[in-house]
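Now for the letters of each chain:
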Amino acid sequence: ISGFDGKSQMVLGIYDKGQRDIIRLHFDNGLYIDCCEEHLWSVYNYRKNKIETVDTNYIINRLEKKRIHIPLCRPVEFEDKGHMPIHPYTLGALIGDGSFSYKECSIKITTDDEIVNRISQLENVKVIKYTPKDRYQHFTLISNDIRRGLESLGLMESHSYEKFIPECYKYTSVENRKELIRGLFDTDGYNDKRANRVEYTTTSKRLADDIRWIIHSLGGKTSVCVVTGKYRDRYGKQVTCRTAYRI
C-alpha cells in the first residue's frame with residue numbers, strides 16, 4: 001500500500017466492520033473508487049487554503065453544491081521488479097514509433113536526429129539513416145542486444161495494436177518510469193499548447209492502460225477518449241480504421 005507521500009505504508013491492523021453500504025465515487029477523468037460512508041479523504045479547501053480530512057458523507061453533501069478537489073499523490077516509490085534489458089527511454093521510443101522484426105529494429109523519425117542520437121548513446125547500436133526524396137527521413141537501428149531484449153520482453157514481432165509495457169518497466173524507480181514516458185512522448189506524443197496538455201494516441205488498449213497506469217503512479221492525471229477514424233482510399237472507398245485510444 002502506498003501513502004500520499006509515495007512511500008510504502010505498513011498495515012497495522014484489519015478490523016471487522018460488518019456489512020456496510022458501499023458508495024461509488026467517480027472522478028472527472030473516468031476513474032472511480034468504491035468505499036463506505038466513513039472512509040476518510042484528504043480534500044483541498046480553497047476558502048481556507050489548506051488540506052482537510054473529511055469522510056465520504058461530507059463529500060456527498062458537498063457535491064450537491066460544488067466540486068471536490070482531491071490532491072494528487074506524489075510519485076510512488078517502487079522497488080525494481082526485475083532486470084530491464086533495454087534502457088527505459090529506448091524502449092519508450094521504440095514502442096512509440098518503432099517497428100520490430102527478427103532482422104532489424106527500426107524507428108522512424110520525421111523531425112530531427114536528436115532522439116536517435118540519444119539512443120546511440122544509451123545502446124550498443126548501428127544506425128543507418130535514410131532520406132528519400134519523396135518520403136520522410138527514417139532510421140534503421142541494428143542491434144542484437146535490442147533484438148534479444150525485445151524477445152525476452154515478449155515484444156518482438158508485435159504489431160502496433162499489440163504493444164504493451166512490460167511489468168518490470170512499470171514497477172521500477174521513479175526516474176526509470178519518467179524516462180519511459182519521455183521516450184514514448186518524444187516519438188509519438190502531441191503537445192496541445194492551447195489546451196495546456198499533452199496527448200498520446202495508440203490502437204493498443206493494453207498499451208493505453210499501461211501508460212495511464214504509469215502516469216498515475218507518478219502522481220499525474222489522465223483521461224482517455226476512444227475514437228474510430230475513417231478515410232477514403234485512392235479508389236474513393238471508405239476505410240474504417242482500428243479503434244484508437246487518445247490519452
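Let me begin by describing the structure that accompanies this report.

Calculation criteria
Residues numbered from 1 in each chain as written. Predicted model: local features only at pLDDT ≥ 70, side-chain atom pairs only at ≥ 80, totals over all residues. Heavy atoms only, no water. Helix = DSSP H or I, 4+ residues; strand = E, 2+ residues; numbered from the N terminus. Polar contact = N/O pair within 3.5 Å; in protein donor to acceptor, adjacent residues only side chain to side chain. Contact = heavy atoms within 4.5 Å. Core = buried A, V, L, I, M, F, W, Y, C linked by side-chain atoms within 4.5 Å. Buried < 20%, exposed > 50% of the residue type's maximum accessible area, 1.4 Å probe, protein only. Patch = residues over 30% accessible without salt bridge, like charges linked within 9 Å, V, L, I, M, F, W, Y side chains within 5 Å. Areas by Shrake-Rupley, 256 points an atom, 1.4 Å probe, with all protein chains shown as cover. Salt bridge = Lys/Arg side-chain N within 4 Å of Asp/Glu carboxyl O. Pairing = 2+ DSSP bridges. Axes fitted to C-alpha atoms, helices over the stretch in contact; angles between N-to-C directions. 1 Å grid on protein atoms, 1.4 Å probe; cavity = no way out; pocket = protein on both sides within 12 Å on 5 of 7 lines; lining within 4 Å. Points joined across faces, edges and corners; volume = space filled by probe spheres on them. Nonpolar A, V, L, I, M, F, W, Y, C, P; charged D, E, K, R; others polar. Parallel < 35°, antiparallel > 145°, perpendicular 65-115°, else oblique. Left-handed = near helix turned anticlockwise from the far one by under 90°.

Bringing the side chain of Thr 90 into the picture now. On the secondary structure map, Thr 90 appears in helix H2 (residues 88-97). Engagement of the side chain of Thr 90 in a polar contact is seen with the side chain of Glu 123, the distance being 2.9 Å. With residues up to four places along the chain from it excluded, the contact list for Thr 90 reads Ile 119, Leu 122, Glu 123 and Ile 146.

Among the nonpolar cores identified, the biggest contains 36 residues, and Leu 91, Ile 165, Tyr 169, Leu 184 and Ile 211 are the most heavily contacted of them. Taken together, the elements giving at least two residues each to this core come down to H2, helix H3 (114-122), strand S8 (138-142), helix H4 (144-153), helix H5 (167-170), helix H6 (174-188) and helix H7 (205-217). Non-local contacts of Ile 165, meaning those with residues more than four positions away in its chain, are made with Ile 95, Lys 170, Leu 180, Leu 184, Leu 207, Asp 210, Ile 211 and Ile 214. Judged by nonpolar contacts, the second largest core, of seven residues, contains Leu 25, Trp 41, Val 43 and Ile 59.

Residues Ile 1, Val 11 and Ile 14 make up a contiguous nonpolar surface patch of roughly 390 Å² in combined accessible area. Within the secondary structure, Ile 1 is located in the segment before strand S1 (23-26).

The strand order S9-S10-S12-S11 describes an open sheet built from four strands, whose pairing is antiparallel. The open sheet has two edge strands, strand S9 (189-192) and strand S11 (225-232), and neither has a second partner. Strand-to-strand, the axes of this sheet are offset by a mean angle of 35 degrees, without reference to chain direction. When strand S10 (residues 197-202) meets strand S12 (residues 238-246), the two strands line up antiparallel, connected through two bridges. Looking across to S12, one finds that Thr 201 is bridged to Arg 246. The sheet strands contacting H7 are S10 and S12, and the helix crosses S10 at an angle near 150 degrees.

Bringing the layout of surface pockets into the picture now. Approximately 1,200 Å³ is the volume attributed to the largest pocket. Secondary structure elements with two or more residues in the lining of the largest pocket: S1, strand S2 (32-35), strand S3 (40-45) and helix H1 (56-63). Among the residues forming the lining of the largest pocket, the class breakdown is 17 nonpolar, 10 polar and four charged. When its volume is computed, the second largest pocket comes out at roughly 460 Å³. Lining the second largest pocket are Ile 1, Ser 2, Gln 9, Arg 20, Ile 22, Asp 34, Cys 35, Cys 36, Glu 38, His 39 and Leu 40. Of the residues belonging to the lining of the second largest pocket, the class tally is five nonpolar, three polar and three charged.

A few words on unusual backbone geometry. One non-glycine residue, Asn 49, lies in the positive phi region at around 55 degrees. Residue position: Asn 49 is located in the loop between S3 and strand S4 (50-55). On the basis of relative accessible area, Asn 49 is assigned to the exposed category, the value being 56%. For Glu 157, which is not glycine, the phi torsion reads 70 degrees and is therefore positive. Among the secondary structure elements, Glu 157 is positioned in the loop between H4 and H5.

Our focus in this paragraph is the packing of H2 against H6. One can describe the packing of H2 onto H6 by two numbers: an axis separation of 7 Å at closest approach and a directional angle of 30 degrees. Between H2 and H6, the angle falls in the class roughly parallel. Our pair here, H2 against H6, has a crossing hand that is right-handed. Contacts from Pro 88, Tyr 89, Leu 91, Gly 92, Ala 93, Ile 95, Gly 96 and Asp 97 of H2 reach H6 at Asn 176, Glu 179, Leu 180, Arg 182, Gly 183, Leu 184, Asp 186, Thr 187 and Asp 188. Among the residues forming the contact of H2 with H6, the class breakdown is seven nonpolar, five polar and five charged.

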